[in-house]
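If you want the building blocks of each chain, they are given just below.
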Amino acid sequence: MVLGTQDVTPVSFWFAVLPGASVQLDDLVVVGTRKPDGAEVRFYGIVDHVRTRHEGVTFDSDVQDVVAGLLPASVSYAARVLVTRVHPENFIPPQPGDAVRHARDADLRMALSADKMGDKAFPGGLLADGQVMPINYRFVNGENGGHINISGISGVATKTSFALFLLHSIFRSGVMGASASAGRALIFNVKGEDLLFLDQPNRDVTAREADAQAQKGLPRSRYALMGLPAEPFRDVQFLAPPRPGSSGTIVAHVEQRASGVTPFLYSLREFCLRRMLPYVFVDRDASVNLGFVIGSIEERLYRLAQGADTPYLTVEDWQPDTEQLLDEDVRFDEMGGVRLSTFAQLVAYLEYKLLDANDGEGDRRWVGKQAPATLQAFIRRLRGVQKHLTPLVRGDITVTQAAQYRPDPLKAGVQTTVVDIHTLSATAQMFVVGVLLRDLFEHKERVGRQDTVFVVLDELNKYAPRDGDSPIKDVLLDIAERGRSLGIILIGAQQTASEVERRIVSNAAVRVVGRLDLAEAERPEYRFLPQSFRARAGILQPGTMLVSQPDVPNPVLVNYPFPAWATRKDEVDDLQGRAAQEVGEDWLR
Amino acid sequence: MARMRIRLDPWPVDLEGGQLTLAPFQGDLIDIETPRWAAIPARPLPQGLRRVYVVDGKRRMESRVFLEDAHGSAGMGGFGAFVVGAVSLCPHGTRPAELLDVRAQRVLAHAPDLLVNPTQLSPRDPHTGQLLYTPVATEGSDPLAPLHRLQALMLNAEQDLSHAYASSVPFDETDDTEPLTALTLQDGTLRRGGATLGGAVVGYVKTMQTQYLPPDRVGLLSGLKPGERTPILHMKSETGRSTRFTWYVRLCEAAFYQHPMSGVMRLEMYAPPEPDFLPRTVREVANLSGTLLCRLGSAPHKDPRAPQNLIPTAALEQAMTRAMGSADLITRRIRAHIAAAYGQEAVA
């Protein structure tokens, strides 16, 4: 019953819990009140405070007398509700004494605005009492809003898991309708080889889910409650950078997974033709002039790469110090030229053009009017990343290889692409993320918004820091601000939203918070959390998230199931669900 | 020459009378337990005693009225409310104490010979209920008669409540079959009737307005230690109309600045008019009274009338005040009701 000793307002009120009933934080409740004309107004809300106290006693020490059975006192059990919805929209207050009930079924749908979502709702997790929390897909796919942002401290391993769970839910709940097969995901694996087993069933999932079901007293498993299959991802391709130092064969640089991982790389010509040079420089704004140099060299390289389709480049105006061995397959029109077939050679060539040619003056057309110091800075930076990019940008491959290993997240028959960049250095990671996203963005600009692509990127604060400027940040900003109209949805995650470019976080329609550092939770980026939630964000357990979406004005606490896909090699269910003995028989035969 | 001593009455000065008044007693007092006038130590609570009820009542005059009925008769009256209630507790602390029957009753006491309809004060809105006053005639037309009527109603209700709960006390030497399982503590002296009411009802008198003991016996009261009691006496009032068993217990040590009887309380139980024997139950109650009351006594920082105003009584008083509702609010609603029912608009 709504309390009469506290102010009752249309947005928040307290209610007394009758003996025998119980209510906990995050429970969704409904209360109806009647206007003087008899019409009913219903208030739906979420419990954000619960408390008990002795009523009718004055002194703290009275509790001893009450427990000793001398002093009669009643326990007042009360809870505060933050109203999430008033229907119809008459913002009158409920009256003290109005009965408050748990919101179930139809009321629950109203409380979470599921009625507005219609068939565009997909399960975003389970509420504390085992009911499904719907998320409005229209606010994810760009129709009304887009992008998902997840914050939480690391080590609790929840950000990526929740992002993957949401993807699984989007792909498999049928919310995409007929275009389900057209939805794609591009996932960057930045940590360990965790995500390289997405297509393998998890051997622990059955036991863990049975556990959770028993603990929470759910009628069915959490997957079943949400109507999702407990299955790994389908149609997954795994891309990983080639192992450095292997000049001849190109092998993916992964340790744990033996097969099914495709190496990816770019040809040297692509590097120039597709203007990837800026993505090598993460601190473009270190000096203004450096930006000009990058721009003009990018243009020079682009022109240089015109006119042929070999993976390597040929230049005629350079005599490197080391003797170049002529390959046997040298073509007639390259006679007299020098072939640039490694990234190192490209850097050497640029150094020559900018610094060494003309007795240290540099080639005037390349140098422009830049001061030597700037040019030196440019070359120094290139040299710095040379080691990291050499395996990725190569000219010593065949045309077929170049086509075969070119990363293509939109390849036919592939729904999910995992790009493993955890072995790369920070600069190379930036380069890969920047180039892939730029390509994707440009592609979507051409073809338009059909085929939604979800981009999962952890550690946004690294790629799009609040301070500073970088080409990768520009791409991410483009995606955040225009991507949703093109069908690119960013599922970004970071430890601290306060360190990410504000425009990226603020463009996310769905915001999710896992466990937060309490100091972090007080920053303005988390204003969407009511105070009581901010305090609680410090004690959230793995598997529990606070989800805020535009349809529901308050965040809702959900838990989500244990992944059905393996997240580590030792979780892979290599028996495929069969008994060990059966599998053994297969081998023996 | 002995030094002059001044010591404080422990109770707040705005209470009517202090804890100590000490008017001399004119009735009869007989030693019924023992002729030896000495302190008797408290005994532990018997396991069989599972329920102790603390009963109290409260009344309030809410508005004085002048009534004129349809036949032209007129008289004084008043809107009043009274409430009685009990706290039920287990003296062994096995269950939480609970409030019982704390319900306010409202009466419109009016001069006799008036024809009065039950007066209903209509509620202002559906959320705050209605106030229903039952008319009762007073015995005279004295201006204080409505208040007295209200007081009498309250005392009767209190008495009924006390006896409804308590175990019965056999006043026959041969009949001791009923063990003491339920005891009622009633605030104030036992007022009505006598032994015919029966029941293990103890009246506890917080103040000492009458000095029952002769001067040679008073000294024991100052010498009692907490929990100790005096022997039981049989007492007959000056008028001879009421007879009681009575004894004193000490609840706590008196502070050095307080008068030496500040922690002492007088208890009484119904007694037959002829003092021929002491019922076993009365002795049993007297024996446990020190232990029980020391446990129930409150602390001075919580209650100005500590320790005599018992912990459950204080809670009960609070609950009773709450049950009667806010006096300001009720007076206002009475006024609003009269304005609406008999105001100029209603007449026109």
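Residues numbered from 1 in each chain as written. Chains lettered and ligands numbered in written order. Predicted model: local features only at pLDDT ≥ 70, side-chain atom pairs only at ≥ 80, totals over all residues. Heavy atoms only, no water.

A. Region of the structure containing the overall build of chain B. Scanning chain B from N- to C-terminus turns up six helices and 13 strands. With respect to the three principal axes, the spread of C-alpha positions in chain B is 80 × 55 × 45 Å. Evaluated residue by residue, chain B yields a buried proportion of 49% over its 348 residues. For chain B, contacts bridging at least 24 residues in sequence account for 72% of all contacts bridging at least 6. (Helix = DSSP H or I, 4+ residues; strand = E, 2+ residues; numbered from the N terminus. Buried < 20%, exposed > 50% of the residue type's maximum accessible area, 1.4 Å probe, protein only. Contact = heavy atoms within 4.5 Å.)

B. Quick peek at the packing of helix α13 (residues 426-447) of chain A against helix α15 (residues 471-486) of chain A. All names here are of chain A. α15 packs onto α13 with a crossing angle of 30° between their chain directions and a minimal axis gap of 10 Å. By the criterion of interaxial angle, the relationship of α13 to α15 is roughly parallel. Between α13 and α15 the crossing geometry is left-handed. Along its contact with α13, which presents Met 430, Val 433, Gly 434, Leu 437, Arg 438, Phe 441, Lys 444 and Glu 445, the element α15 presents Ile 472, Val 475, Leu 476, Asp 478, Ile 479, Arg 482, Gly 483 and Leu 486. Each residue belonging to the contact of α13 with α15 can be placed in one class, and the counts come to nine nonpolar, two polar and five charged. (Axes fitted to C-alpha atoms, helices over the stretch in contact; angles between N-to-C directions. Parallel < 35°, antiparallel > 145°, perpendicular 65-115°, else oblique. Left-handed = near helix turned anticlockwise from the far one by under 90°. Nonpolar A, V, L, I, M, F, W, Y, C, P; charged D, E, K, R; others polar.)

C. Spotlight on the pattern of salt bridges. The full count for this structure, using the stated rule, is 39 salt bridges over all chains. For Asp 48 of chain A, the salt bridge identified is with Arg 80 of chain A, shortest N-O distance 2.9 Å. Here Asp 48 of chain A, found in strand β3 (residues 40-55), pairs with Arg 80 of chain A, found in strand β4 (residues 74-87); they are 32 residues apart in sequence, far enough to count as distant. Arg 80 of chain A gets classed as partly exposed once you look at its relative accessible area, which sits at 22%. The shortest N-O distance in the salt bridge between Glu 317 of chain B and Arg 305 of chain B comes to 3.5 Å. (Salt bridge = Lys/Arg side-chain N within 4 Å of Asp/Glu carboxyl O.)

D. Region of the structure containing the side chain of Arg 266 of chain B. All names here are of chain B. Looking at the secondary structure, you find Arg 266 in strand β13 (residues 264-270). Assessed through its relative accessible area of 4%, Arg 266 is described here as buried. Within the structure, Arg 266 has its side chain in polar contact with the side chain of Thr 246 (distance 3.2 Å). Apart from residues lying up to four places away in sequence, Arg 266 is in contact with Thr 189, Gly 203, Tyr 204, Val 205, Tyr 212, Met 235, Thr 246, Trp 247 and Tyr 248. (Polar contact = N/O pair within 3.5 Å; in protein donor to acceptor, adjacent residues only side chain to side chain.)

E. View of the interface of chain B and chain A. Counting residues at the interface gives 18 residues for chain B, matched by 14 residues for chain A. Taken over both partners, the interface formed by chain B and chain A buries close to 1,300 Å², and the fraction arising from carbon and sulfur atoms is 59%. Linking chain B with chain A are two salt bridges. Note that Lys 302 of chain B and Asp 65 of chain A form a salt bridge whose closest N and O atoms lie 4.0 Å from each other. Our count for the contact surface shared by chain B and chain A stands at two residue pairs in polar contact (both at pLDDT 80 or more). For the side of chain B that touches chain A, the elements supplying multiple residues, two or more each, are β4 (74-89), β5 (98-110), α3 (280-296) and α4 (311-324) of chain B. (Buried area = accessible area lost by both parts, 1.4 Å probe.)

F. Spotlight on the state of the cysteines. All names here are of chain B. Applying the stated rule across the entire model yields zero disulfides over all chains. Free cysteine: Cys 90, not disulfide-bonded; nearest cysteine sulfur from Cys 294 at 18 Å. According to the relative accessible area criterion, Cys 90 is buried, its value standing at 0%. Free cysteine: Cys 294, not disulfide-bonded; nearest cysteine sulfur from Cys 252 at 8.1 Å. (Disulfide = S-S within 2.5 Å.)

G. Representation of the environment of Glu 522 of chain A within the structure. Residue and element names in this part refer to chain A. Relative to the assigned elements, Glu 522 resides in the loop between α17 (518-521) and α18 (531-536). For Glu 522, a relative accessible area of 39% puts it in the partly exposed group. If we skip the residues at most four places from it in the chain, Glu 522 touches Gln 531 and Arg 534. Separated by 3.4 Å, the side chains of Glu 522 and Gln 531 make a polar contact.

H. Representation of the confidence of the model for chain B within the structure. Residues and elements named next belong to chain B. Chain-level statistics for chain B give a pLDDT mean of 85 and a share of 92% at 70 or above. Per-element mean pLDDT across chain B ranges from 56 in helix α6 (residues 344-347) up to 92 in strand β12 (residues 243-250). For this predicted complex, the interface confidence comes out at an ipTM of 0.80, alongside a pTM of 0.74. (pLDDT = per-residue confidence, 0-100.)

I. Structural view of the sheet that holds β3 of chain A. Residues and elements named next belong to chain A. Strand order in the open sheet formed by five strands is β1-β4-β3-β2-β5, with antiparallel pairing between adjacent strands. Two strands in the sheet have a free side with no partner beyond their single neighbour: β1 (12-16) and β5 (100-102). Taken pair by pair, the neighbouring strands of this sheet meet at an average axis angle of 40°, ignoring direction. With five bridges joining them, β1 and β4 adopt antiparallel strand pairing. If you follow Phe 13 over to β4, its bridge partner there is Val 81. (Pairing = 2+ DSSP bridges.)

J. Up close: the sheet that holds strand β6 (residues 119-121) of chain B. Residues and elements named next belong to chain B. Pairing within the open sheet is mixed, and its eleven strands lie in the order β2-β11-β12-β13-β9-β8-β3-β4-β5-β7-β6. Across the chains shown, the open sheet's two edge strands, defined by having one partner strand only, are β2 (28-31) and β6. The mean angle between the axes of side-by-side strands here comes to 30°, regardless of whether they run parallel or antiparallel. Where strand β8 (residues 182-187) meets strand β9 (residues 201-205), four bridges bridge the pair, whose relative direction is parallel. The residue bridging Thr 184 from the neighbouring strand is Val 201, located in β9. Lying on the sheet, helix α1 (residues 145-165) is in contact with β3 (51-68), β4, β5, β7 (131-137), β8, β9 and β13; it crosses β3 at an angle near 160°. Sitting on the sheet, α3 touches β3, β4, β8, β9, β12 and β13, and the angle it makes with β12 is about 40°.

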